[in-house]
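A closer look at the structure
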Amino acid sequence: MMPAIAGRRHRLHFVIGWFLLLASPSLSLAQADGEDGPDYSRKGADSCFACHDDQATLAVFRTPHAVPTDSRTPFGHDQLQCEACHGPGGEHAARVRRGQERPGVIAFGEGATGTVAEQNAYCIDCHASDTGLGWHGTAHDDDTITCAGCHTSHAASDPVLETSTQAEVCFDCHQQQRTQSLKPFAHVVDEGKMDCGSCHSVHDTTFDAMLVRQTLNQTCHECHAETRGPHLWEHAPVAEDCSTCHEPHGSNHPGMLTMRGPMLCQSCHSQAGHPSLAQDSDSLPSGIASQYLLGQNCMNCHGQVHGSNHPSGSKLMR
Ligand code: HEC
Ligand code: HEC
Ligand code: HEC
Ligand code: HEC
Ligand code: HEC
Ligand code: HEC
Ligand code: HEC
Ligand code: HEC
Ligand code: HEC
Ligand code: HEC
């Protein structure tokens with residue numbers, strides 16, 4: 001797919017070059033309808049306006065794609081304008097006989113009939129360096145979802161690029177994360193202070209779960225530097241993986257914990273060390289009216305759960 005398109009573009013530039021040399025120098029867009037070449041419209045956007053001049057379509061002129069002075073953009077000098085993204089539209093824009101079906105162009109979104117690769121090829125043709133090497137082989141690879149699945153091209157501002165609106169775009173496909181983000185304890189993505197992109201790099205990473213840093217912990221340390229070791233007294237699971245105890249997208253437990261206080265700790269620490277069953281004080285055997293339990297939470301004593309730098313902090317108590 002890709003090489004074919006690159007080839008066609010080359011040919012087109014070549015043709016335009018000849019037109020520019022031989023014909024009117026004011027010609028901004030030429031028809032490149034060769035023997036076997038693609039069939040572009042005669043007048044570029046002007047051809048399309050005959051039928052598509054609604055506000056939604058015209059909004060494309062308020063985007064960074066419509067900078068005539070920037071020859072890299074679709075509306076730059078010598079570029080194919082609408083057809084830079086929608087592909088050759090000569091036949092589509094031409095008159096059709098009654099009863100005859102209008103040939104299509106590349107369309108995006110729900111009505112799209114072309115494959116994902118076809119929809120992405122024109123975007124990638126110009127944006128190979130933005131989407132990066134990481135694009136191929138990630139879960140958002142061009143075999144699975146389209147650029148237009150996240151990006152809106154006919155809008156003055158693209159919602160996926162704005163912190164306050166990005167999550168909604170992602171939630172379209174990621175329902176589980178939507179549910180989690182609505183839980184009482186969550187990162188503030190739903191309020192627009194952070195976005196999914198604070199932790200994920202959606203098209204330019206080779207790291208697991210498309211994280212912005214190589215490991216999960218390094219990703220968290222970007223903002224929570226205080227939890228980064230080395231500590232004099234490490235707490236093994238912290239140095240290993242924050243998500244053993246925290247659910248990064250949100251949870252029902254304070255501190256975005258994966259489980260409630262004592263249960264979380266007891267999922268690894270035996271109850272034999274000191275009594276730690278969640279009993280009420282009446283049921284306690286006298287003598288060990290346990291201070292360990294009254295607090296109901298190991299953190300009341302072992303407050304330095306992320307590690308301690310105190311000389312006598314080996315039990316993570318100071
Ligand atoms: C003569 C009228 C006419 C012209 C000129 C025209 N179109 Fe269309 N276009 C249509 C019609 C009619 C449809 C709806 C087709 C359908 O629903 O099957 C359409 C649909 C589309 C769609 C949406 C396809 C979809 O499946 O939702 C795109 C994108 C499009 N045109 C782009 C262009 C571009 C780019 C140009 C200029 C190169 C252009 N059109 C020129 C009549 C035209
Ligand atoms: C003819 C080349 C070309 C094509 C085709 C093209 N783009 Fe672009 N695009 C550009 C240029 C140039 C910029 C501006 C880059 C800059 O300012 O650094 C841009 C900017 C963008 C931006 C950033 C917008 C912003 O608000 O900052 C996004 C997102 C984008 N393009 C996505 C797409 C998608 C999706 C497609 C396919 C539907 C596409 N582009 C097709 C050339 C192109
Ligand atoms: C899963 C959603 C998603 C998909 C799919 C996606 N993008 Fe993006 N894109 C983003 C987000 C989010 C950003 C904001 C920067 C970032 O986090 O990397 C972005 C940024 C960009 C930018 C601006 C880069 C800059 O630094 O200004 C361009 C250009 C772009 N995308 C092009 C594309 C192209 C081309 C495709 C298809 C190959 C594509 N994107 C697919 C979500 C997506
Ligand atoms: C940068 C690439 C790009 C350029 C340039 C571009 N489009 Fe689009 N077009 C898209 C994408 C992507 C969509 C899907 C909806 C969206 O992202 O806003 C779309 C959607 C459409 C639709 C269908 C709208 C619908 O209801 O689904 C029409 C019609 C259309 N474009 C016509 C045009 C015309 C006419 C031009 C030139 C004036 C143009 N486009 C320029 C990328 C582009
Ligand atoms: C059009 C649908 C769609 C949209 C929109 C979308 N994704 Fe995805 N995403 C997928 C699919 C499909 C997968 C692969 C299957 C899966 O893991 O669910 C995926 C996987 C992921 C993964 C897991 C990657 C891995 O390697 O395990 C992350 C992280 C992710 N998406 C983040 C995002 C973010 C952030 C956004 C918004 C900027 C977003 N997605 C928007 C469809 C989408
Ligand atoms: C604070 C960092 C952070 C933020 C913000 C964040 N994520 Fe994640 N995400 C992670 C981590 C870490 C993982 C690795 C798996 C795990 O532990 O859940 C992950 C995994 C994922 C996965 C893959 C889940 C799986 O089961 O494979 C998807 C999809 C995803 N995130 C989507 C999103 C979306 C959408 C947003 C924005 C609403 C978002 N994330 C915001 C940190 C974050
Ligand atoms: C882009 C910055 C950023 C990144 C990256 C980040 N966080 Fe956060 N985190 C925040 C902010 C901001 C808060 C809210 C702080 C506050 O309310 O004082 C927060 C709060 C928290 C809280 C406390 C929540 C509460 O209810 O008290 C936990 C736990 C947490 N983050 C864990 C993580 C984990 C685990 C990761 C890595 C997967 C991570 N964070 C990555 C910015 C970040
Ligand atoms: C062994 C379990 C465990 C691990 C692993 C863990 N934490 Fe925590 N974390 C906790 C507990 C317990 C709290 C207190 C929660 C509360 O508010 O009740 C907490 C609280 C937090 C808070 C809230 C502010 C604070 O310091 O009280 C942040 C931020 C945080 N953790 C980040 C991280 C990061 C980043 C990592 C990985 C480097 C990590 N945690 C690993 C158990 C853990
Ligand atoms: C994922 C398993 C895991 C979880 C959950 C966990 N820990 Fe640990 N903890 C460990 C490991 C492993 C060690 C190191 C044990 C060793 O060195 O003998 C440790 C060490 C400790 C120590 C120091 C013990 C000593 O002998 O020096 C304390 C205190 C401690 N944890 C308290 C807690 C508390 C409080 C919680 C709940 C907030 C908790 N742990 C949750 C695995 C866990
Ligand atoms: C009232 C304070 C207090 C509470 C509450 C408490 N601990 Fe401790 N914990 C201690 C003290 C004091 C030690 C040190 C005992 C020693 O040095 O012999 C200790 C030691 C430990 C150790 C080290 C191994 C051992 O048994 O000596 C672990 C692990 C531990 N506690 C886990 C927990 C867990 C899990 C909880 C919650 C279920 C918890 N603690 C609640 C005070 C407390």
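Here we summarise the structure given alongside this text.

Cut-off values and rules
Residues numbered from 1 in each chain as written. Chains lettered and ligands numbered in written order. Predicted model: local features only at pLDDT ≥ 70, side-chain atom pairs only at ≥ 80, totals over all residues. Heavy atoms only, no water. Helix = DSSP H or I, 4+ residues; strand = E, 2+ residues; numbered from the N terminus. Contact = heavy atoms within 4.5 Å. Areas by Shrake-Rupley, 256 points an atom, 1.4 Å probe, with all protein chains shown as cover. Salt bridge = Lys/Arg side-chain N within 4 Å of Asp/Glu carboxyl O. Buried < 20%, exposed > 50% of the residue type's maximum accessible area, 1.4 Å probe, protein only. Near = heavy atom within 4 Å. Polar contact = N/O pair within 3.5 Å; in protein donor to acceptor, adjacent residues only side chain to side chain. Nonpolar A, V, L, I, M, F, W, Y, C, P; charged D, E, K, R; others polar. Core = buried A, V, L, I, M, F, W, Y, C linked by side-chain atoms within 4.5 Å. Donors = N, O, S within 2.8 Å, 3.2 Å for Na, K, Ca; no water. Tetrahedral: all angles 85-135°; square planar, octahedral: opposite > 155°, others 65-115°. Expected span 1.5 Å × (residues − 1). Bend = angle between axes of the 7 residues up to and from the residue. Phe/Tyr/Trp six-rings, centres within 6.5 Å; stacked < 30°, edge-to-face > 60°.

1. What about the overall build of the protein?
- A tally of regular secondary structure across the protein gives 13 helices and zero strands.
- Shown N-terminal to C-terminal, the secondary structure of the protein runs as helices and strands in the order α-α-α-α-α-α-α-α-α-α-α-α-α.
- Considering only intrachain contacts with a sequence separation of at least 6, the fraction spanning at least 24 residues in the protein is 47%.
- Of the roughly 20100 Å² of accessible surface on the protein, 57% is carried by carbon and sulfur atoms.

2. A few points about the pattern of salt bridges
- For the structure shown, the criterion picks out four salt bridges.
- Note that Arg72 and Asp70 form a salt bridge whose closest N and O atoms lie 2.8 Å from each other.
- Of the residues examined, Arg72 reaches a relative accessible area of 66% and is grouped as exposed.
- Linking Arg213 and Glu222 is a salt bridge whose minimum nitrogen-to-oxygen distance equals 2.9 Å.
- Judged by its relative accessible area of 47%, Glu222 is partly exposed.

3. Focus on the site of ligand 3
- The environment of ligand 3 is formed by 17 residues, the closest being His140, Cys147, Cys150, His151 and His203.
- His151 has a polar side-chain atom sitting 2.8 Å from a nitrogen atom of ligand 3.
- Of all the secondary-structure elements, those providing two or more residues to the shell around ligand 3 are helix H6 (116-131) and helix H7 (147-150).
- A total of five residues in the shell around ligand 3 trace back to one element, the largest contributor, which is H6.
- When the residues that make up the shell around ligand 3 are grouped by side-chain class, the tally is nine nonpolar, seven polar and one charged.

4. Focus on unusual backbone geometry
- The omega angle of the peptide bond from Gly229 to Pro230 is -5 degrees, so this bond is cis rather than trans.
- On the secondary structure map, Pro230 appears in the loop between helix H10 (216-221) and helix H11 (236-240).
- One non-glycine residue, Ala209, lies in the positive phi region at around 55 degrees.
- Tracing the backbone through its elements, the reader meets Ala209 in the loop between helix H9 (175-181) and H10.
- A relative accessible area of 58% means that Ala209 is categorised as exposed.
- The backbone of Met210 sits at a positive phi, close to 50 degrees, despite the residue not being glycine.

5. Things to note about the nonpolar core
- Ranked by size, the top nonpolar core spans six residues in total: Ala45, Cys48, Val60, Ala66, Phe75 and Cys82.
- Apart from the residues within four sequence positions on either side, Cys82 is in contact with Ala45, Cys48 and Phe75.
- Ranked by size, the runner-up nonpolar core spans five residues in total, among them Leu80, Ala84, Ile106 and Tyr122.

6. Considering the site of ligand 5
- Around ligand 5 there are 15 residues in total, and His140, Cys170, Cys173, His174 and His200 lie nearest to it.
- In this structure, His174 approaches ligand 5 through a side-chain N or O atom, which is 2.8 Å from a nitrogen atom.
- When contributions to the shell around ligand 5 are tallied by element, the ones reaching two or more residues are H7 and helix H8 (163-171).

7. Regarding the coordination of the iron atom of ligand 1
- Those protein atoms acting as donors to the iron atom of ligand 1 are His52 (NE2) and His92 (NE2), and they sit at 2.0 Å.
- One way to put it: the six donor atoms around the iron atom of ligand 1 meet at angles of 87 to 178 degrees, and that makes the site octahedral. Of this pair, His52 sits in the loop between helix H2 (45-49) and helix H3 (55-58) while His92 sits in helix H5 (residues 90-93), and the two are 40 residues apart along the sequence.

8. As for H6
- Given a rise of 1.5 Å per residue, 16 residues ought to cover 22 Å, yet the end C-alpha atoms of H6 are separated by just 15 Å, more than 12% below that figure.
- Most pronounced at Asp125, the bend in H6 amounts to some 70 degrees.
- All of the buried residues along H6 are Gln119, Asn120, Ala121, Tyr122, Cys123, Ile124 and Thr131.

9. Structural notes on the side chain of Glu83
- As for its position among the elements, Glu83 is in helix H4 (residues 82-86).
- In terms of polar contacts, Glu83 uses its side chain to reach the side chain of Ser41, at 2.6 Å.
- Leaving out residues up to four positions away in the same chain, Glu83 has contacts with Asp39, Tyr40, Ser41, Gly44, Pro88, Gly89 and Gly90.

10. Quick look at the packing of aromatic side chains
- What the rule picks out here adds up to two aromatic pairs.
- When the ring of Phe61 is compared with that of Phe75, the centres are 4.8 Å apart and the planes differ by 55 degrees; the resulting orientation is tilted. With Phe61 in the loop between H3 and H4 and Phe75 in the loop between H3 and H4, this pair connects stretches of sequence that are 14 residues apart.
- Taken together, the ring pairs in this structure connect Phe49, Phe61 and Phe75 into an aromatic cluster.

So, to be careful, I would describe these as geometric facts and stop short of saying anything about function.
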